[in-house]
Amino acid sequence: MGDGVAVASDIVPFSRPYRSEDELANVARVLASDHSHGDGPFTRRASEKIVTLTTAGHVLLTPSGTHSLEMASSLLGIGRGDEVILPSFTFPSAADAVARTGATCVFVDIDPSTGNIDANQASEAVGPRTRAISVMHYGGVPVDIESMLSIAREHGLPIIEDNAHGLGVRAGAHTLGSVGVLAAQSFHDTKNVHCGEGGALLINDPALVERAEIMREKGTNRSQYLRGQVDKYRWVDWGSSYLMSEISAAVLDAQLSEIGEIQHQRVSVWDRYALELDEWADALGARLMSPPLGIHAAHLFYLVMPTWASQTDLIASLRLAGVIASFHYVPLDSSPAGLRYGRTLGSLDVSEDFSRRIVRLPLWPGMSEDQVSRVIDAVRAFQLL
Ligand SMILES: *Cc1c(COP(=O)(O)O)cnc(C)c1O
């Protein structure tokens with residue numbers, strides 16, 4: 001290709017989905033059985049593994065993390081005239097789940113040391129219409145759990161946890177996914193554990209389980225019928241179809257069995273970046289992702305560049321070296337839908353600045369030592385213009 005542009009086979013991709021050893025055999029078993037719709041044996045096994053990993057009270061597999069967040073809003077009865085507090089720097093799904101009910105998103109800023117919701121701003125944003133606080137553990141780095149729980153307790157508000165990045169992360173006495181009244185996992189193929197597209201709703205208030213089961217089964221009490229608790233199933237409330245296919249659950253169950261290996265491989269890449277880019281970052285005035293107490297999910301690794309311009313410059317310079325790096329979320333509060341469905345207490349400067357300065361490096365299980373070295377070398381070769 002000339003011009004020093006790396007050929008395709010040389011490219012270090014940004015992310016590659018994990019492939020587990022048993023997933024094909026599991027899928028074959030489902031296809032050979034007469035049960036490929038939801039709630040079969042792989043769904044049961046995968047759900048039990050997620051309960052063990054998160055200590056959540058109850059787990060329901062769903063078609064996606066987004067559907068899980070939708071269910072959370074509906075279960076809490078959030079609707080028109082209500083407000084939900086959430087960080088501006090997050091994936092749009094958390095805001096979709098609020099906007100679709102007719103409620104208003106109240107966007108608050110983030111803590112620049114983690115990218116997570118700023119607890120002080122969340123507290124200030126609570127008003128008479130607030131119905132819930134939605135938090136996201138960026139990169140599996142826990143939010144300030146004690147502060148968020150104390151705000152929630154003080155105002156009697158439920159916390160909704162978007163734990164798409166933090167499956168299996170422990171933080172002191174807590175496990176991510178069991179902090180909020182409801183939590184969402186995503187098993188999209190960019191996540192640490194995946195089944196292509198998929199999700200789970202984690203229910204930590206037993207009073208919500210029955211309604212959640214009905215909502216997930218088209219508004220019927222079919223789950224009770226299948227357990228022999230009622231002799232016919234009927235339409236008992238409104239609902240939708242929020243089940244994961246057993247074919248996807250077969251892949252998910254295989255991946256969950258290997259989460260130890262997945263995390264081991266991801267952490268070894270993460271640790272090399274942290275160790276080998278430290279001096280470079282100091283010299284350049286950049287900052288490396290550095291989770292308080294070292295707690296994270298090795299879901300992503302980011303640098304905070306010294307200026308907005310150097311974000312695009314670094315991404316372009318890495319691309320020339322055949323390394324695919326990426327920025328991340330564009331703040332929701334100033335995005336077209338954010339302006340329509342949300343409001344803020346003021347300008348969210350930290351979200352804007354963080355969004356314009358972070359660069360995420362390639363990170364996936366199975367990255368070779370050589371590929372990690374190529375990324376490190378390409379970053380170290382970067383100088384400010
Ligand atoms: C991936 C992701 C989602 C959405 O999950 P899907 O399964 O793709 O619907 C929501 N929130 C965060 C933080 C995510 O990373």
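Residues numbered from 1 in each chain as written. Predicted model: local features only at pLDDT ≥ 70, side-chain atom pairs only at ≥ 80, totals over all residues. Heavy atoms only, no water.

The chain carries the name dTDP-4-amino-4,6-dideoxygalactose transaminase in an unreviewed UniProt entry, which gives Lacisediminihabitans profunda as its organism. In its Cofactor (unreviewed entry) section, the UniProt record describing the chain reads: "pyridoxal 5'-phosphate". (UniProt positions renumbered as here; feature names shortened; annotations may be inferred.)

Participant: Provide a residue-level description of the pattern of salt bridges, including the pertinent values.
Facilitator: Taken as a whole, this structure holds 15 salt bridges when the rule is applied. The salt bridge involving Arg 131 is made with Asp 82; its shortest N-O contact spans 3.1 Å. Within this pair, whereas Arg 131 is found in strand 6 (residues 130–136), its partner Asp 82 is found in the loop between helix 3 (65–75) and strand 2 (83–87), the two being separated by 49 residues in sequence. Assessed through its relative accessible area of 32%, Arg 131 is described here as partly exposed. (Salt bridge = Lys/Arg side-chain N within 4 Å of Asp/Glu carboxyl O. Helix = DSSP H or I, 4+ residues; strand = E, 2+ residues; numbered from the N terminus. Buried < 20%, exposed > 50% of the residue type's maximum accessible area, 1.4 Å probe, protein only.)

Participant: Provide a residue-level description of helix 12 (residues 308–320), including the pertinent values.
Facilitator: When we look at burial in helix 12, the residues that qualify are Ser 310, Gln 311, Leu 314, Ile 315 and Leu 318. All buried residues of helix 12 project into a common sector of 135° when viewed along the axis, lining one side. In this fold, the buried residues of helix 12 make contact with strand 13 (302–304), helix 14 (349–357), strand 15 (358–360) and helix 15 (369–380). Just downstream of helix 12, Gly 322 is the residue with a positive phi angle, here 80°. (Arc of directions from axis to C-beta. Contact = heavy atoms within 4.5 Å.)

Participant: Describe the site of the ligand, and please don't skip the residues or the numbers.
Facilitator: Surrounding the ligand, one finds 14 residues, the nearest of these being Gly 65, Thr 66, Asp 162, Ser 186 and Lys 191. Between an oxygen atom of the ligand and a side-chain N or O atom of Thr 66, the distance comes to 2.5 Å. Here an oxygen atom of the ligand sits 2.9 Å away from a polar atom, N or O, in the side chain of His 165. Within the complex, the protein chains bury 92% of what would otherwise be the 380 Å² of accessible surface of the ligand. For the shell around the ligand, the residue count by class is four nonpolar, eight polar and two charged. (Near = heavy atom within 4 Å. Polar contact = N/O pair within 3.5 Å; in protein donor to acceptor, adjacent residues only side chain to side chain. Areas by Shrake-Rupley, 256 points an atom, 1.4 Å probe, with all protein chains shown as cover. Nonpolar A, V, L, I, M, F, W, Y, C, P; charged D, E, K, R; others polar.)

Participant: Report on the packing of aromatic side chains, specifying residues and quantitative values.
Facilitator: What the rule picks out here adds up to 11 aromatic pairs. For the pair Phe 89 and Tyr 138, a centre-to-centre distance of 5.1 Å together with 80° between the ring planes defines the contact as edge-to-face. With Phe 89 in the loop between strand 2 and helix 4 (92–99) and Tyr 138 in the loop between strand 6 and helix 6 (145–155), this pair connects stretches of sequence that are 49 residues apart. Overall, Phe 89 belongs to the buried group, its relative accessible area being 1%. The buried category is assigned to Tyr 138, whose relative accessible area is 0%. (Phe/Tyr/Trp six-rings, centres within 6.5 Å; stacked < 30°, edge-to-face > 60°.)

Participant: Help me get a handle on a nonpolar patch on the surface, residues and values and all.
Facilitator: Taken together, the side chains of Tyr 225, Leu 226 and Tyr 233 make up a nonpolar region of the molecular surface, amounting to roughly 310 Å² of accessible area. Position of Tyr 225 relative to the elements: it lies in helix 8 (residues 222–226). Judged by its relative accessible area of 36%, Tyr 225 is partly exposed. (Patch = residues over 30% accessible without salt bridge, like charges linked within 9 Å, V, L, I, M, F, W, Y side chains within 5 Å.)

Participant: Provide a residue-level description of the UniProt feature "active site" (unreviewed entry) in the chain, including the pertinent values.
Facilitator: Cross-referencing UniProt, the feature "active site" (unreviewed entry) maps to Lys 191 in the present numbering. Structurally, Lys 191 is set in the loop between strand 10 (182–186) and strand 11 (199–203). Here Lys 191 falls in the buried class, since its relative accessible area comes to 17%. Leaving out residues up to four positions away in the same chain, Lys 191 has contacts with Ala 164, His 165, Ser 186 and His 299.

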